[in-house]
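Structural overview for review
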Amino acid sequence: MQQRPAADQIIFSTKDSSGKIYIREQKGYFQVIRRSINTVLMLIFVCLPWLNFQGQQAIQLDAAQQRLYIFGRVLLPQDFLIFALLFTLAAFALFYLTKLYGRIWCGYTCPQTVWTLMFVWLERRIEGSHNQSKALDNAPWHGAKLSKKLAKHSSWLLLSLLTSLAFIAYFVPARSLYADFFSLNSSGTVYGWVGFFALCTYVNAGLIREKMCLHMCPYARFQSAMFEPATKIVAYDAQRGEQRGARKRHSEKPAAMGDCVDCQLCVQVCPVGIDIRHGMQYECINCGLCIDACDQTMRQFNYPVGLIRYQGEVSTQTAWQRHLGYGSAILLTVLAMAAWAYQWQSTELSISRDRQAMYRVNSDGLTENTFTLTLSNKTQQPRHYQLSITGLAGAELKGAAQITLKPAEQRQHIISIALPEQAAEVYTAFTLQLTDAEHGDSVSAASRFYHVR
């Protein structure tokens, strides 16, 4: 197995990225994988807000009411623990993937990379190849250049707008968003947020591009700490490739030459503009573009492929030792999510006492305690409930015992509980139960009834 680059071949300094990188288009095995993954993710991103469930948008976040509607369920702020667990799971999964395959997330699924390459695709359709695009930028302004630049930036702005609308559809009902937006019937808030996210997309994917990865993304800075000798990274086989040099196709390879023909394709296709032949560099996003470009050249010269490839050293750890740390963290997080899902209920009930008085004696001579109930219907259907008391013999409930909550409604309900006799204890513990009249589900809350002394 080829050893990873020596310490003096690892480049830690940031390259000069002040100029524009003209990315050459490349096809190949790894790009088929990347484009397939990107297509699936883009379809999910765009189509998910259009999915209906029980007559409602399946997934929608109501920021004003602080509610998330998801497949007929309503998550309130107190339920957002699941998002902390989801983000924790995603973080551990990302760290685990980085340990095994380096910055493969950045190269294949990071939104910055996905949108950057989409913008580059539009640029190539309008301005031509990377060399034609560079020549166009260096040429003086004329009618053809102006028309191409207008067409390119217009297409970028249109894609940015559609991206922003697809994102806002998670917050505003998708079926009314597009019609209202283009008919100028949306609110100023909607137009403001759509414009903001469209501008961010245009700047990040069209103007900043690789500078986001090189200088702004925090993940690019600390992920190398997760690498180990066995991590599979994109690397150049210097022993096989050197001494590099140009030559003719279908000719004998000079004895003093390696397999690298110095075609520069690996540099031209790199989204961050590095030369992988100079050693491992932190800017590399493991996208595999240079691998596909090099393999294409190797086939043309009838050389074995793999001069540039994903490679890592043989691990000194056993298989279970390599997977123990992050694997355990992921498993524990999944178990925590399962526990949360098991205890989650579609109805919530909490009870609090009247703060003005612990008890009072009414006109009938009964001891009364007043309580405020907070009720939550965490479904997108109306629910009818029945209140009942356990633990207080002879208790009389004053207030509505039958309660109806609208879909996703959360409100307070005031009741009083009266007891005819005086107990020996200062207080008596009891339980208030709220039962769904249609489905039979019930929730309960405990409190104390204070007696006259």
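Notes on the structure in this doc start here. (Residues numbered from 1 in each chain as written. Predicted model: local features only at pLDDT ≥ 70, side-chain atom pairs only at ≥ 80, totals over all residues. Heavy atoms only, no water.)

All right, on to helix α1 (residues 29-47) then. Here α1 spans 27 Å end to end across 19 residues, near enough to the 27 Å set by a 1.5 Å rise per residue. Buried-residue contacts for α1 involve α3 (104-108), α4 (111-127), α13 (289-300) and β7 (308-311). (Helix = DSSP H or I, 4+ residues; strand = E, 2+ residues; numbered from the N terminus. Expected span 1.5 Å × (residues − 1). Contact = heavy atoms within 4.5 Å.)

This next bit is on the packing of helix α6 (residues 143-168) against helix α8 (residues 188-208). At a minimum axis separation of 8 Å, α6 and α8 run at an interaxial angle of 130°. When the axes of α6 and α8 are compared, the pair comes out oblique. The crossing of α6 and α8 is right-handed. The segment α6 lies against α8, with H153, W156, L157, S160, L161, T163, S164, L165, F167 and I168 engaging W193, V194, F197, A198, T201, Y202, G206 and L207. When grouped by side-chain class, the residues that make up the contact of α6 with α8 number twelve nonpolar, six polar and no charged. (Axes fitted to C-alpha atoms, helices over the stretch in contact; angles between N-to-C directions. Parallel < 35°, antiparallel > 145°, perpendicular 65-115°, else oblique. Left-handed = near helix turned anticlockwise from the far one by under 90°. Nonpolar A, V, L, I, M, F, W, Y, C, P; charged D, E, K, R; others polar.)

A word on the sheet that holds strand β11 (residues 383-390). Taken together, the four strands give an open sheet; going across it, the order is β13-β11-β15-β16, and neighbouring strands pair in antiparallel fashion. Strands with a single pairing partner mark the edges of an open sheet, and in this sheet they are β13 (402-405) and β16 (442-450). Averaged over all adjacent pairs, the angle separating strand axes in this sheet is 30°, with direction ignored. One ladder, built from four bridges, connects β11 with β13; its direction is antiparallel. Along β13, the bridge assignment pairs Q386 with Q402. (Pairing = 2+ DSSP bridges.)

A word on the environment of G245. Take G245: it is sitting in the loop between α11 (238-241) and α12 (265-268). A relative accessible area of 10% means that G245 is categorised as buried. Sequence-wise, G245 and E348 are 103 residues apart; in three dimensions their C-alpha atoms are separated by 72 Å. Sequence-distant contacts of G245, that is, excluding residues within four places in its chain, are made with M257, C260, V261 and D262. (Buried < 20%, exposed > 50% of the residue type's maximum accessible area, 1.4 Å probe, protein only.)

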